[in-house]
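# Chains, contacts and geometry: an overview
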Amino acid sequence: MPTREQVRASLADGAEYTEVGRRLGIPPGLVYLIATGLPADGGDAPAPEEARARGLRPAGQELSNPPVESPAARESVHRWLRGRVRADAQMRGT
């Protein structure tokens, strides 16, 4: 698990949360949590004055929900499905 010092050093160099997460092998929401001590989903958010004083982002919600990827769109999945259909008479409708 990366340390707060490692995360903050990467952020201080100008990297974004998503880039730091990629470098360290952790989700960007976890980078935010390590750096700030607050969850990226907005839970337990400080008052606006405290957030400004601590230099926090206005919102971190996008960091807590990774992009959705549909494995069904991969050609390897289509090949697997075609093979399953070929091997199963009931699925072929015969």
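The text that follows walks through the structure, step by step, so that each part is easy to find. (Residues numbered from 1 in each chain as written. Predicted model: local features only at pLDDT ≥ 70, side-chain atom pairs only at ≥ 80, totals over all residues. Heavy atoms only, no water.)

## Some words on the overall build of the chain
What the chain contains, in helices and strands, is 7 helices and 0 strands. When the elements of the chain are put in sequence order from the N terminus, they spell out α-α-α-α-α-α-α. Across the 94 residues of the chain, 22% fall into the buried class. For the chain, contacts bridging at least 24 residues in sequence account for 38% of all contacts bridging at least 6. Taken as a whole, the chain presents about 6800 Å² of accessible surface, with 55% of it coming from carbon and sulfur. (Helix = DSSP H or I, 4+ residues; strand = E, 2+ residues; numbered from the N terminus. Buried < 20%, exposed > 50% of the residue type's maximum accessible area, 1.4 Å probe, protein only. Contact = heavy atoms within 4.5 Å. Areas by Shrake-Rupley, 256 points an atom, 1.4 Å probe, with all protein chains shown as cover.)

## Section: the environment of Val7
Residue placement: Val7 occurs in helix 1 (residues 4–12). Taking the relative accessible area as the measure of exposure, Val7 reaches 0% and is therefore buried. Residues Val7 and Leu24, 17 residues apart in the sequence, show an inter-C-alpha distance of 8.5 Å.

## Side note on helix 2 (residues 17–24)
Taken as a whole, helix 2 has its buried residues at Tyr17, Val20 and Gly21. The arc that holds the buried residues of helix 2, viewed along the axis, is 100 degrees, so those residues lie on one side. Two residues or fewer past helix 2, Gly25 is found with a positive phi of approximately 75 degrees. (Arc of directions from axis to C-beta.)

## Observations regarding helix 3 (residues 28–36)
Those residues of helix 3 not exposed but buried are Gly29, Val31, Tyr32, Ile34, Ala35 and Thr36. Of the residues flanking the end of helix 3, it is Gly37, one or two places downstream, whose phi is positive at about 80 degrees.

## Considerations on the pattern of salt bridges
Working definition: two side chains of opposite charge can pair if their charged atoms are close together. Applying the stated criterion across every chain, the model contains 3 salt bridges. Salt-bridge contacts for Arg22 lead to Glu19; the nearest nitrogen and oxygen are separated by 2.6 Å. In this pair, Arg22 and Glu19 are both assigned in helix 2, 3 residues apart and thus about one turn of the helix distant. Close ionic contact of Arg23 with Glu19 constitutes a salt bridge, the shortest N to O distance being 3.1 Å. Here the residue Arg23 and the residue Glu19 both occupy positions in helix 2, the gap between them amounting to 4 residues, near one helical turn. Relative accessible area serves as the criterion here: at 25%, Glu19 is assigned to the partly exposed category. Here the residues in one salt-bridge network are Glu19, Arg22 and Arg23, joined through shared partners. (Salt bridge = Lys/Arg side-chain N within 4 Å of Asp/Glu carboxyl O.)

## Brief notes about the side chain of Thr36
Its location among the elements puts Thr36 in helix 3. Under the relative-accessibility criterion, Thr36 is labelled buried at 9%. Separated by 2.7 Å, the side chain of Thr36 and the backbone oxygen of Tyr32 make a polar contact. Sequence-distant contacts of Thr36, that is, excluding residues within four places in its chain, are made with Arg4, Tyr17, Arg54 and Leu56. (Polar contact = N/O pair within 3.5 Å; in protein donor to acceptor, adjacent residues only side chain to side chain.)

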